[in-house]
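The lines below spell out each chain.
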Amino acid sequence: MTENQFTIGMNPQQKEAVEYTEGPLLVMAGAGSGKTRVLTHRIAYLLSTHMDLRPWNILAITFTNKAAREMKERLENLIGPSSRDLWVSTFHSMCVRILRRHAEKLGYHSNFSILDASETKTIVKRILKEKNYDEEKFSADAILSYIRRWKNETIFPEEVQKQLEGSTHILQKIACECYVAYQEELKRNDTMDFDDLIMLTLSLFEEFPEVLAQYQEQFRYIHVDEYQDTNHAQYLLVQQLAAKYQNLCVVGDADQSIYAWRGADITNILNFKKDYPKAKEILLEQNYRSTKTILNAANNVIQNNYDQGDQLKQLWTDNEEGEKITYYTADDEKAEAIYIAEKMKELIADGFHYHEMAILYRTNAQSRALEDVFMQFNLPYHMVGGLKFYDRKEIKDLIAYLKVIANPQDMISFRRIINTPKRGIGATSLEKILAFAKEQGLSAIEACKNASMAGIRGKAVGQMEQFAEQVERWAELSKEMDLTEFVDLVLEESGYYDMLRESKGLENETRMENLKEFQSVTRAFVERWERGEVEKELGQTMLSAFLNDLSLLSDMDIKEEEIPDSVAFMTLHAAKGLEFPVVFIVGLEENLFPSKIEEDQIEEERRLAYVGITRAEKRLFLLNARRRMFFGRTQYNSPSRFIEEIDARYLNTIQPNPIGFKNTMTENKNPYRKNRGYRQPLQKIVEHKTLSGAEKESYQVGDKVIHRKWGEGAVLNTKGSGDQLELEVFFNSLGETRKLMAKYAPIEKKK
């Protein structure tokens, strides 16, 4: 029997995953095990062996647009132009596609706008102000964290209200009140946020079963990549779509589940066989990326998350043994950075290139010392996750103009642009026109056409009427003009270009350059549109499709202007899915990595270490410092437990011993292994646990505290008193809450 062309060159487990097509399938795919190849070849195999199957009967869901694009490119190489009829997308872009087709059923227009994170925060801030809540006490970030949590758990405002009846949790009740107002404003403005896209798709399926039945019938084979990263809403969506045929293939790695802080639920992948008792499980354990030494170190670390014998898989490779992992202890963060700079110069001399190297850290704040030294040594680098191109003011202004042109109901974007550039429309006139629009059920543009009826007087009336006419004219032109030329026209006719030209200075020159650079984005989109590569609905304009495309970009999809042949700086979270010949992981110290968290959260930190280690192909460097200046304070942390979990034979340890310090590392003694009863963490080298005195203060919900490491935070809840006082605090730097014992926590109450 002739082997199918799409399984040639695969190892036995990969081949089995491709050929097992009927019924539920769980593919546990280790780092670097070729899972994307398996997924794409499985889809090609299905189409080549099932003659009655059409490309649109196959759904493949990924987590980033970048991953979706890569999958589409591979599929086009495998099966040709018919790949364009496959549904290959992220959860969010799939839901947008469904919602645009059926938005009217939920009371939205098909060209609804999608908000970005900064816009959602602006709305919550305004709601807090309207309700007379002090944002110093009740921050927009804390409110949004609750709203996001409720949406990811598919809990609508009215359900939250019922749940909180009789509750004494002040912040939750305020968050619920804001949630109600927030959703009302979004609906009124014909807008959705990212979390709505999935929640409202589920709502659509629940309210209109015939719509769900349509997609259940269409998607006979469903694939989900990175299944360990799904949250509850995404889990429900997959369950519902796969309910009819149950030909569901999920691919993931429980050992790379590192997003619990944003709602990911590892039990979704761990319980797959409970959800589907007849499911087949295949392990992809052969790694094609790293050396044996690097893989052995990764296995050493991750096995501590399991009781003996419970580990799901063990990575192995046919690659070379490779060099030992360098473990270096520096005096401080500057010495740590200098060591890296000098080592990189040696690696360049050995034939490596800067673009083949990456520095990974636990928090963005650690990059400062590295940047200082790299500038001092004149080494090229770029930040992954810094200020994004689309976060810049001028770009956000331009996108707001385009959103209002495409969707006149979008009052959030209207607020941003009505007086940018200055049109002599004051805050009072703006509030009057918005109130008038709300009362009369008009769009902002329709209200501007009738400004005099809104009680607005003077120059502002003419300016608003003129603006409305301009927007309506642009809307017509957008249907017939080239997109790039149209954007240029809007910037010219709106007066935005003139505003920048008249305000001399380097900053405005840079803004002008960024707006010109935006034309590269529009040109690239037009090329994709003309090649038929853009997902669009019947009757959708190019402008609407373009805005749709932009709104679904994630951090992983946006590249900053990179210096050619430069070192990548990024957090460990941002590194997931990437690989580099040379990797440096810095800050491997207790309380930094792993961060200072509850013991029950240590497993996710360990998975993050595993992800970091398995990014390296040939060379891996692990670094820490005896003392580190962090958030303005000097810390003396002991070496990370993750270093101790690596067998000493895989390490080349370099630990200079200056006067006053002792090497605390001891060979083959690890107090953190899961199968040992003793879990007491290593003590700090210099500091001993001291009482902070914070328990002597009185705290109320909303009080601000300053944490030595995490900076400013807001008290969300208190429990107990005196020595037993426990605080629940939301920290902006972390984007999440922490529970702290006041007696020991390094905090001060902000006066």
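These numbers were taken from a predicted model, which means no experiment stands behind them. (Residues numbered from 1 in each chain as written. Predicted model: local features only at pLDDT ≥ 70, side-chain atom pairs only at ≥ 80, totals over all residues. Heavy atoms only, no water.)

K.L.:
Describe the overall build of the chain, listing the residues and the values that go with them.
P.N.:
A count of helical and extended segments in the chain gives 27 helices and 22 strands. For 751 residues, the compact-globule formula gives about 27 Å, and the C-alpha radius of gyration of the chain, at 28 Å, lands near that figure. Taking the principal axes of its C-alpha atoms as reference, the chain extends roughly 80 × 80 × 60 Å. Looking at the 751 residues of the chain, the share that counts as buried comes to 55%. Taking contacts inside the chain between residues at least 6 apart in sequence as the whole, the part at least 24 apart equals 74%. Summing over all exposed atoms, the chain offers an accessible surface of approximately 33,000 Å²; the carbon and sulfur share of this is 48%. One finds the centroid of the 100 positive side-chain charges in the chain at a distance of 3 Å from the centroid of its 116 negative side-chain charges. (Helix = DSSP H or I, 4+ residues; strand = E, 2+ residues; numbered from the N terminus. Rg over C-alpha atoms; globule rule 2.2 N^0.38 Å. Buried < 20%, exposed > 50% of the residue type's maximum accessible area, 1.4 Å probe, protein only. Contact = heavy atoms within 4.5 Å. Areas by Shrake-Rupley, 256 points an atom, 1.4 Å probe, with all protein chains shown as cover. Lys, Arg positive; Asp, Glu negative; His and termini not counted. Charge placed at Lys NZ, Arg CZ, Asp CG, Glu CD.)

K.L.:
So what about the domain arrangement of the chain? Which residues, and what values?
P.N.:
The domain architecture assigned to the chain consists of domain 1 (5–103 + 208–286), domain 2 (113–189), domain 3 (325–386 + 559–654), domain 4 (389–424 + 457–552) and domain 5 (694–749). Each of domain 3 and domain 4 has a C-alpha centre, and the two are 40 Å apart. (Domains from an automatic or database assignment.)

K.L.:
Any details on the state of the cysteines? Residues and values, ideally.
P.N.:
What is meant by a disulfide is a covalent connection between two cysteines, made through their sulfur atoms. Going through the model one piece at a time under the given rule, you end up with 0 disulfides. In this model cysteine 176 remains outside any disulfide bridge; the closest cysteine sulfur is found in cysteine 178, 9.2 Å from its own. Judged by its relative accessible area of 4%, cysteine 176 falls in the buried class. Take cysteine 249: it sits in no disulfide, and the sulfur closest to it among the cysteines is that of cysteine 95, at 19 Å. (Disulfide = S-S within 2.5 Å.)

K.L.:
Residues and numbers for the environment of histidine 382, please.
P.N.:
By secondary structure assignment, the location of histidine 382 is in strand E11 (residues 381–383). Sequence separation between histidine 382 and threonine 230 is 152 residues; the distance between their C-alpha atoms is 30 Å. Side chain to side chain, histidine 382 and serine 566 meet in a polar contact 2.7 Å long. (Polar contact = N/O pair within 3.5 Å; in protein donor to acceptor, adjacent residues only side chain to side chain.)

K.L.:
I'd like a description of the environment of aspartate 549, backed by residues and values.
P.N.:
Looking at the secondary structure, you find aspartate 549 in helix H25 (residues 542–551). With 24 residues separating them along the chain, aspartate 549 and phenylalanine 525 place their C-alpha atoms 8.8 Å apart. Leaving out residues up to four positions away in the same chain, aspartate 549 has contacts with Phe525 and Arg528.

K.L.:
Which residues make up helix H22 (residues 483–493), and what are the values?
P.N.:
Those residues of H22 not exposed but buried are Leu483, Thr484, Phe486, Val487, Leu489, Val490 and Leu491. Structurally, the start of H22 carries an N-cap: the backbone nitrogen of threonine 484 is 3.0 Å from a side-chain oxygen of aspartate 482.

K.L.:
Let's hear about the sheet that holds strand E2 (residues 58–62): which residues, and what values?
P.N.:
Within a sheet, each strand pairs with its neighbour through backbone hydrogen bonds, oriented either parallel or antiparallel. Within the open sheet, the 6 strands sit side by side as E3-E2-E6-E7-E1-E8. Their pairing is parallel. Each edge of the open sheet carries a strand with a single partner, namely strand E3 (87–90) and strand E8 (280–284). Strand-to-strand, the axes of this sheet are offset by a mean angle of 15 degrees, without reference to chain direction. Sheet contacts for helix H2 (residues 35–49): strand E1 (25–29), E2, strand E6 (221–224), strand E7 (248–252) and E8; angle to E6, the most-contacted strand, approximately 175 degrees. (Pairing = 2+ DSSP bridges. Axes fitted to C-alpha atoms, helices over the stretch in contact; angles between N-to-C directions.)

K.L.:
So what's going on with the packing of aromatic side chains? Residues and values would help.
P.N.:
In total, this model carries 23 aromatic pairs according to the counting rule given. Seen in terms of ring centroids, phenylalanine 525 and tryptophan 529 are 6.2 Å apart; in terms of plane orientation they differ by 40 degrees. Their pairing is tilted. Of this pair, phenylalanine 525 and tryptophan 529 both sit in helix H24 (residues 506–530), separated by 4 residues, roughly a single helical turn. Neither residue differs from the other here; phenylalanine 525 and tryptophan 529 are each classed as buried. Ring geometry for phenylalanine 593 and phenylalanine 642: centres 5.3 Å apart, planes at 70 degrees, overall edge-to-face. Placement of the pair is phenylalanine 593 in the loop between strand E13 (580–585) and helix H26 (602–613) and phenylalanine 642 in helix H27 (residues 641–644), with a sequence separation of 49 residues. In this structure, phenylalanine 593 and phenylalanine 642 share a single accessibility class: buried. Clustering of aromatic rings is evident, with ring pairs tying together Trp87, Phe205, Tyr215 and Phe219. Over the aromatic face of tryptophan 261 sits the side chain of arginine 262, whose NZ or CZ is 6.0 Å from the ring centroid. The aromatic ring of tyrosine 699 is capped on one face by lysine 749, whose charged end is 5.7 Å from the ring centroid. (Phe/Tyr/Trp six-rings, centres within 6.5 Å; stacked < 30°, edge-to-face > 60°. Lys NZ or Arg CZ within 6 Å of the ring centre and 35° of its normal.)

K.L.:
With reference to specific residues and values, describe the packing of helix H17 (residues 393–406) against H25.
P.N.:
Two elements in contact, H17 and H25, have axes separated by 10 Å at closest approach and are oriented at 135 degrees. Judged by the inter-axis angle, H17 sits oblique to H25. The element H17 and its partner H25 pack so that their crossing is left-handed. Judged by residue contacts, Ile399, Leu402, Lys403, Ile405 and Ala406 of H17 engage Leu543, Phe546, Leu547 and Leu550 from H25. Its residues placed into classes, the contact of H17 with H25 shows 8 nonpolar, no polar and 1 charged. (Parallel < 35°, antiparallel > 145°, perpendicular 65-115°, else oblique. Left-handed = near helix turned anticlockwise from the far one by under 90°. Nonpolar A, V, L, I, M, F, W, Y, C, P; charged D, E, K, R; others polar.)

K.L.:
Now, about the sheet that holds E13: what can you tell me, with residues and values included?
P.N.:
As summarised here, the arrangement of the 7 strands in space is E11-E12-E10-E13-E14-E9-E17, forming an open sheet in which the pairing is parallel. Of all strands in the sheet, those bounded by a partner on one side alone are E11 and strand E17 (651–654). Strand-to-strand twist across the sheet, computed as the mean angle between neighbouring axes with direction ignored, equals 20 degrees. In this structure, E11 lies alongside strand E12 (residues 567–571), joined through 3 bridges in parallel fashion.

K.L.:
Please give an account of the confidence of the model for the chain that cites residues and values.
P.N.:
Close inspection of predicted coordinates is inappropriate in any region flagged by low pLDDT. Counting all residues, the mean pLDDT for the chain is 88, and 91% of those residues have values of 70 or more. Residue range residues 558–562 is modelled with pLDDT below 50. Its contacts to residues more than four positions away, or to other chains, number 11 contacts. Contacts for the low-pLDDT stretch residues 659–690, under 50 throughout, to residues beyond four places or in other chains number 68 contacts. (pLDDT = per-residue confidence, 0-100.)

K.L.:
Give a detailed account of a negative patch on the surface, specifying residues and quantitative values.
P.N.:
A surface patch of like charges, here negative, comprises Glu158, Glu159, Glu206 and Glu207. Counting residues per element, the ones that place at least two in the negative patch are helix H7 (157–163) and helix H9 (194–207). Here glutamate 207 lies in helix H9. (Patch = residues over 30% accessible without salt bridge, like charges linked within 9 Å, V, L, I, M, F, W, Y side chains within 5 Å. Salt bridge = Lys/Arg side-chain N within 4 Å of Asp/Glu carboxyl O.)

K.L.:
Describe in detail the pattern of salt bridges, supporting the description with residues and values.
P.N.:
Tallied over the full model, the rule gives 47 salt bridges. In this structure, the salt-bridge partner of lysine 576 is glutamate 226, at a minimum N-O distance of 2.9 Å. Taken as a pair, lysine 576 in the loop between E12 and E13 and glutamate 226 in the loop between E6 and helix H11 (232–241) lie far apart in primary sequence, 350 residues in all. A single burial state applies to lysine 576 and to glutamate 226, both of which are buried.

K.L.:
I'd like to hear about the UniProt feature "domain: UvrD-like helicase ATP-binding" (unreviewed entry) in the chain, residue by residue, with values.
P.N.:
Per the UniProt record, the feature "domain: UvrD-like helicase ATP-binding" (unreviewed entry) sits at residues 8–291. The span residues 8–291 carries 51% helix and 11% strand; its end-to-end C-alpha distance comes to 25 Å. (UniProt positions renumbered as here; feature names shortened; annotations may be inferred.)

K.L.:
Run through the environment of alanine 694, naming residues and quoting values.
P.N.:
Within the secondary structure, alanine 694 is located in the loop between E17 and strand E18 (704–707). Sequence-wise, alanine 694 and methionine 741 are 47 residues apart; in three dimensions their C-alpha atoms are separated by 8.9 Å.

K.L.:
Please give an account of the UniProt feature "binding site: ATP" (unreviewed entry) in the chain that cites residues and values.
P.N.:
UniProt feature "binding site: ATP" (unreviewed entry): in the numbering of this structure it lies at Ala29, Gly30, Ala31, Gly32, Ser33, Gly34, Lys35 and Thr36. Leaving out residues up to four positions away in the same chain, serine 33 has contacts with Gln14, Leu284, Gln286 and Tyr288. Tracing the backbone through its elements, the reader meets glycine 34 in the loop between E1 and H2.

K.L.:
Summarise unusual backbone geometry; cite the residues concerned and give the values.
P.N.:
In this model, threonine 420 is joined to proline 421 through a cis peptide bond whose omega is 0 degrees. Along the polypeptide, proline 421 turns up in the loop between helix H18 (411–417) and helix H19 (427–440). A cis amide bond links phenylalanine 593 to the next residue, proline 594, at an omega of 10 degrees. Note that proline 594 resides in the loop between E13 and H26. One non-glycine residue, aspartate 190, lies in the positive phi region at around 55 degrees. Relative to the elements of secondary structure, aspartate 190 occurs in the loop between helix H8 (170–188) and strand E5 (191–192).

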